[in-house]
Amino acid sequence: MRRDRTYGLMAEFDTPTHLVEAANATREAGYKKIDAYSPFPIEGLAEAIGFRHNLVPLVTLIGGLIGGLGGYFMQYWMMAINYPINVGGKPPNSWPAFIVITFEMTILFGAIFSVLGMLALNGLPMPYHPVFNVPRFAMATKDRFFLIVFASDPKFEAMSTRQFLEGLGTRSISEVPD
Amino acid sequence: MDDRIEPTEAGQAPVIEPGYTFATVTDKISSIVLTRPTSNGWFLGFGVAFLIVMMLLYAIGYLFLKGVGIWGITIPIAWGFAIVNFVWWIGIGHAGTLISAILLLLRQSWRNSINRFAEAMTLFAVACAGMFPLLHMGRPWLFYWLFPYPNTMQYWPQFRSPLVWDVFAVSTYFTVSLIFWFIGLIPDLATLRDRSENRAAKIMYGMLAMGWRGSARHWHRYETAYLLLAGLATPLVLSVHTVVSFDFAIAIVPGWHTTIFPPYFVAGAIYSGFAMVLMLAIPIRKIYGLEDFITERHLDNSAKVMLATGLIVAYGYGIEAFMGWYSGNRYDLFTLWNRLHGPYHFWYHALLTCNIFIPQLLWIRKMRTQPLLLFLISTVVLTGMWLERFIIVVVSLHRDFLTSSWGMYYPTRWDWAVFIGTIGFFLACMFLFVRILPMISIFEMRTLLPEAEVKAE
C-alpha cells in the first residue's frame, strides 16, 4: 500500500449532459487515461472517453461458432461414426434431425461466451478498486456522475489537472488514494 | 432508448408517472428491499406457499418410494399430468423472455418496469416445468443418462428423438434465462450494495455485484452483451416451445401429427405467460404502491398482447378442426368428433370458452385497464391454457387407432399434490424474490427519465 501516491483525480457532476461535455473537453485537452462513471448507460460516453475497441461481439461470435460446430459434430460423431444405429432406414448422418441440437448449442455457447467475455474484459469480479475509497463515489450507483483522470496519464500533474477539472464546472473534486 | 417519456396520445397513460428523479426512482425501488419492514401479509403469503412446498416434497418423497404407479397414468395415457403441467409451466415462462428480449430489440421502453419480475417468473416457471419430466422418468436419479457423456454402457442418446431435443432446448432455455436475469441484476445489486446500511446485506449484495462500478467502458461492453443476449434469446424462446410441440407433432398420433403445432404452441405460450405476468403485476403494484411505475399503460399493452396471441391460438384451433375435416382421414375426423362429443367434451367446451370466448372482452378498453377485471380474465386464460394441454395430451391419447386400446385417464390425489405443489413452489420463490431483490430494474428505469437525456449543445 502506497498511501502517499494518488490513483487519480475524480470530478463529480450532476447531469449526464454535463458529464459527456466534461469527458469530451478532457479528452480534447490531451488527457488519454480517463474514465467516467454513471448510474446508467449513457449514449456517447464511451466515445467521449476515447473507448473504441469492443471485443464482446467477436467473443460472442466465437462462442456461437464453437457451440454450433461442436454441437453438430458431436452428433455426427456419435450417430454416424462411433455407434451407428439404423433407425427407420434413415441415414446415420441424418442432418435434419440434428438441426435442433446444433441450434440450441449455438445459442447456449454464444450466450455463455458473451456474458463471461463481457465480465472478463471488464475485469470483473473485482471486489476492491481504488475508486471505492472515495466516500462520495457511493452516489455513482444512484444519481451522480463522475469523471476520473488517472495519475498514470503522462499529462497528469496534481495541481494543473485539478485546476483544469475545476474549470469544467464540477460539483466537487476528490483525490483518489492508491 | 429513444422514446423516454413519449408525448402521450390522447387518453394513453405514461410509462412512468411524471415528477420522478434519479434519486427518487432509486429510493422508491431499493427501499422495498432495504428499509421497508417485512409485512405480516408477506409472512402469511410466504407461509402458505411454504406449506404447499412441503406438500410437494411429501408427494415427491412418496413418488420416489412407490414409483409413478401412484399417479393416474396408465396405457394408453402414459403421459398424463406430468406432461400437461410441463408444457403449461414452460409456456408461462415464455412471456418473461418475450418481455426482456424481444421487446428490448423492438425498443418498447415500457418493458423496463416489468422485465425484471417477468424474468424471475420465467426462471421459476421453467424450474417448475423441469421437475415434471424428471419425476415422470420413473428413476429420476438416473436423469443424467439424458446427456451425452462417455459411459461404461457404451451408448449415446438418440439424437433423432424429439425427447432428446427437448432436453437440450429446456436446459439451454433455463441457463440462458438465468444468465440474462443475473446480468440485468448486476448494476442494481451495486446500487443495493451502496445503499444498504446492514453489514451482512452489504457483503451479500457486494459479492453478487462483483465490484460493479459503472465505468463507461463497462457500460459499453455491458450494453453490447445485453443486446447480443437479447438477440440470442429471441430465436431461443421461439424455438423452445417449437421443440416442445415436436414432442407431439413428430409422433403419428391423430391430433398430434400436424404442422400447425409449432406456431400455435408458441402463441399459446406467450398467451398464458402474459396472463401470469398480469396476475403477478396487478397485486404487486397494489401492495408495494408501484402504480407510478407499472401504470395503466402496462396493463393495457399486456392485455393487447394477450388478445393478439389469443386470436392466433383461436386460429390454431380452427385450422386443427378444418384440417381434421379436410384431410378426409377417418382417424383425424374421429379425433375432432371425439373432442366435441367424446367423454371429455365438457372440458373441450370449457377450453373454448376460457381461451377464445371470454378473452374477447379484452376488445373493450375498460376491461384492459381495470386491474380486478383483468386479473379475473388472466385467471380464466391460465385455466384455459392448462385445459388446452390437457386436451392435447389426454384426449388424443385415450382413443387412437384401435378401439381395443382405448381407455380413460383419472388423475389421482398425488397428481394434484404435485401440480398444486409446484404452484406453491413458484409462489414461494416469487415471495422470496420480491423481498430480497429489486423487482423493477432500477438502472433501466433511470434511463426512462427526461433528465437522462444527453442534450446536445
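It should be noted that the structure appears before, not after, this text.
> I tried to follow the environment of Trp71(B) on my own but got confused; where do I start?
Residues and elements named next belong to chain B. Considering the arrangement of structural elements, one finds Trp-71 in the loop between helix 2 (40–66) and helix 3 (80–105). Along the sequence, Trp-71 and Phe-390 sit 319 residues apart, while their C-alpha atoms lie 15 Å from each other. Those residues within four positions of Trp-71 in sequence are excluded, and the remaining contacts are Leu-63, Ala-82, Leu-135, His-136, Thr-412, Trp-414, Asp-415 and Val-418.

> Which parts of the structure should I look at to understand the packing of helix 3 of chain B against helix 14 (residues 413–436) of chain B?
When two helices pack together, you describe them by how their axes are tilted relative to each other and by the distance separating the axes. Residues and elements named next belong to chain B. It is the contact of helix 3 with helix 14, at a shortest axis distance of 10 Å, that shows an interaxial angle of 20°. Taken together, the axes of helix 3 and helix 14 are roughly parallel relative to one another. You can see that helix 3 and helix 14 cross each other, and the crossing is right-handed. On helix 14, the residues that touch Phe-81, Asn-85, Trp-88 and Trp-89 of helix 3 are Asp-415, Trp-416, Phe-419, Thr-422, Ile-423 and Phe-426. Here the residues of the contact of helix 3 with helix 14 are counted per class, giving 7 nonpolar, 2 polar and 1 charged.

> Please explain helix 3 (residues 56–82) of chain A as it appears in this structure.
In an α-helix, one turn spans 3.6 residues; hence positions three or four apart end up facing the same way. Spanning 27 residues, helix 3 of chain A covers 36 Å between terminal C-alpha atoms, matching the ideal 39 Å at 1.5 Å per step. Restricting attention to buried positions, one finds in helix 3 of chain A the residues Val56(A), Thr60(A), Gly63(A), Gly64(A), Gly67(A), Gly68(A), Gly71(A), Met74(A), Gln75(A), Met78(A) and Met79(A). The inward-facing, buried residues of helix 3 of chain A contact helix 4 (95–121) of chain A together with helix 5 (162–195) and helix 7 (216–249) of chain B.

> How should the environment of Leu362(B) be read in this particular structure?
Residue and element names in this part refer to chain B. For Leu-362, the position within the fold is in the loop between helix 11 (345–357) and helix 12 (365–369). Judged by relative accessible area, which is 0%, Leu-362 ranks as buried. When the C-alpha atoms of Leu-362 and Tyr-155 are compared, they prove to be 53 Å apart, with 207 residues separating the residues in sequence. Residues in contact with Leu-362, not counting those within four places in the same chain, are Ala-303, Met-306, Leu-307, Met-367, Arg-368, Leu-374 and Ile-377.

Cut-off values and rules
Residues numbered from 1 in each chain as written. Chains lettered and ligands numbered in written order. Predicted model: local features only at pLDDT ≥ 70, side-chain atom pairs only at ≥ 80, totals over all residues. Heavy atoms only, no water. Helix = DSSP H or I, 4+ residues; strand = E, 2+ residues; numbered from the N terminus. Contact = heavy atoms within 4.5 Å. Axes fitted to C-alpha atoms, helices over the stretch in contact; angles between N-to-C directions. Parallel < 35°, antiparallel > 145°, perpendicular 65-115°, else oblique. Left-handed = near helix turned anticlockwise from the far one by under 90°. Nonpolar A, V, L, I, M, F, W, Y, C, P; charged D, E, K, R; others polar. Expected span 1.5 Å × (residues − 1). Buried < 20%, exposed > 50% of the residue type's maximum accessible area, 1.4 Å probe, protein only.

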